Structure formats: structure tokens, C-alpha cells
Amino acid sequence: LISACPEAASLIEIQMLGPNNMGITAFGVIDLMASPRLRLDDLGACREVFTLGQRAGRISNTIATFARELSEGDVTNEIIAGARRTSEHAYRGQILREFDRLIDEIWERGQAQRTFDSQRYGVGLRELHELHMAMVGTI
């Protein structure tokens, strides 16, 4: 719909629904199902951490793919919708700050569960971001 009618883009909808395309929460739960360390009383807290990670991963992907998507005429990138309220540069900075806040929140919320090391998970998301940035123009 957004490709055919860019005016229909809703920034809040993109922010809320776009991260689900990353599949991080679903894959995280699948990983937990195979983990001997899974504590069922941690499951909700783990899912919260995964959901925060999913948004962080989406932000990273959004930034890394923006130039390519723009050159291809793909108007579905969140930065395009966000730039309606500010500049592309300012919105990019805004979501990069959100990325950092999400990593901090992952570390904080991760302390509420004992199933996996949420600090290492946050470090992994930062490494994913570095990989995305190294692949700008390729992905």
C-alpha cells in the first residue's frame, strides 16, 4: 500500500509493526525452547528483551538499507516517513539515539531473568549494527 500510495505511510505504524519483520522475538523464543537453561518464570521477561532487540535490529537495518531503498524508489523506509516531521539527518540521529536507549533497556530489563546473558545479547546487537553499517551499499 505504501509503495502505491506513500501518503498513507504512518510513522507510528511503521515503528510498531516494522520490527516484526525482523523475526527476532520469534527466533529468540525458538532458541529458548531448545535451551536447557530456560526457566519458564523468565519467559515473559525474555520476550520483552527480544522485543526490544527486535526494534533495535530494525533501526539498524533501516539505516543500513536507506540509500539503496531510496535509489530503487522504495518509499517504505521509516526514515522517509520520519523525515516528514524533520530532516532525514535529524531523524536518523533520533533513531540512532533510540537504538542506544534500547540497548541500555535490554541490559536493565535483562536483569529480571536468569535464562540468558542479556548483556551479551546487547553486545551482539551492537555487533549486528556494526555489520549492517559495514555492508551499506551491499544490503
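Procedures and definitions
Residues numbered from 1 in each chain as written. Predicted model: local features only at pLDDT ≥ 70, side-chain atom pairs only at ≥ 80, totals over all residues. Heavy atoms only, no water. Helix = DSSP H or I, 4+ residues; strand = E, 2+ residues; numbered from the N terminus. Contact = heavy atoms within 4.5 Å. Core = buried A, V, L, I, M, F, W, Y, C linked by side-chain atoms within 4.5 Å. Buried < 20%, exposed > 50% of the residue type's maximum accessible area, 1.4 Å probe, protein only. Phe/Tyr/Trp six-rings, centres within 6.5 Å; stacked < 30°, edge-to-face > 60°. Polar contact = N/O pair within 3.5 Å; in protein donor to acceptor, adjacent residues only side chain to side chain. Salt bridge = Lys/Arg side-chain N within 4 Å of Asp/Glu carboxyl O. Expected span 1.5 Å × (residues − 1). Bend = angle between axes of the 7 residues up to and from the residue.

**Here's the deal with the environment of Asn61**
Turning to step 1, where the next piece is worked out: Along the polypeptide, Asn61 turns up in helix H3 (residues 43-71).
Turning to step 2, where the next piece is worked out: Taking the C-alpha atoms as reference points, Asn61 and Met133, 72 residues apart in sequence, are found 8.7 Å from one another.
Turning to step 3, where the next piece is worked out: Those residues in contact with Asn61, other than ones at most four positions away along the chain, are Met22 and His132.

**Structural notes on the nonpolar core**
Turning to step 1, where the next piece is worked out: One finds Phe50, Ile106, Phe116 and Tyr121 to be the most contacted residues of the largest nonpolar core, which totals 27 residues.
Turning to step 2, where the next piece is worked out: Within the residue set of this core, elements represented by two or more residues are helix H1 (11-17), helix H2 (24-33), H3, helix H4 (78-82), helix H5 (88-110) and helix H6 (118-134).
Turning to step 3, where the next piece is worked out: With 8 residues, H3 is the largest single contributor of residues to this core.
Turning to step 4, where the next piece is worked out: Excluding its chain neighbours within four sequence positions, the residues that come into contact with Ile106 are Val49, Leu52, Gly53, Ser118, Tyr121, Gly122 and Leu125.

**Brief notes about the packing of aromatic side chains**
Turning to step 1, where the next piece is worked out: Considering all chains together, one arrives at 3 aromatic pairs under this definition.
Turning to step 2, where the next piece is worked out: With a centroid separation of 5.3 Å and 10° between ring planes, the pair formed by Phe50 and Phe116 is classed as stacked. With Phe50 in helix H3 and Phe116 in the loop between H5 and H6, this pair connects stretches of sequence that are 66 residues apart.
Turning to step 3, where the next piece is worked out: Their ring planes at 75° and their centres at 5.7 Å tell us that Phe116 and Tyr121 sit as a pair that is edge-to-face. Across this residue pair, the class does not change: Phe116 and Tyr121 are buried.

**Considerations on the side chain of Ser60**
Turning to step 1, where the next piece is worked out: Looking at the element boundaries, Ser60 is found in helix H3.
Turning to step 2, where the next piece is worked out: Among the polar contacts made by the side chain of Ser60, one reaches the side chain of His129 at a distance of 2.8 Å.

**Some thoughts on the pattern of salt bridges**
Turning to step 1, where the next piece is worked out: The final tally for this structure, using the stated rule, is 10 salt bridges.
Turning to step 2, where the next piece is worked out: Arg109 is paired through a salt bridge with Glu48; the nearest N and O atoms lie 2.8 Å apart. Separated by 61 residues along the polypeptide, Arg109 in helix H5 and Glu48 in helix H3 bring together distant segments of the chain.
Turning to step 3, where the next piece is worked out: Between Asp100 and Arg126 there is a salt bridge, with the nearest N and O atoms lying 3.0 Å from each other.

**Some thoughts on the side chain of Gln54**
Turning to step 1, where the next piece is worked out: With respect to the secondary-structure elements, Gln54 resides in helix H3.
Turning to step 2, where the next piece is worked out: You can call Gln54 buried: its relative accessible area is 5%.
Turning to step 3, where the next piece is worked out: At 3.1 Å, the side chain of Gln54 and the backbone nitrogen of Thr25 are in polar contact.
Turning to step 4, where the next piece is worked out: Setting aside residues up to four positions removed in sequence, Gln54 forms contacts with Pro19, Asn20, Met22, Gly23, Ile24 and Thr25.

**Remarks on H3**
Given 3.6 residues per helical turn, the α-helix brings residues three or four places apart onto the same face.
Turning to step 1, where the next piece is worked out: With 29 residues, H3 should cover 42 Å at 1.5 Å per step; its first-to-last C-alpha distance of 41 Å lies within 8% of that length.
Turning to step 2, where the next piece is worked out: Of all bends in H3, the biggest is about 50°, found at Thr65.
Turning to step 3, where the next piece is worked out: A positive backbone phi angle near 80° is found at Gly73, which sits one or two residues after H3.

Note that every value here comes from positions in space, so none of it alone points to a role or purpose.
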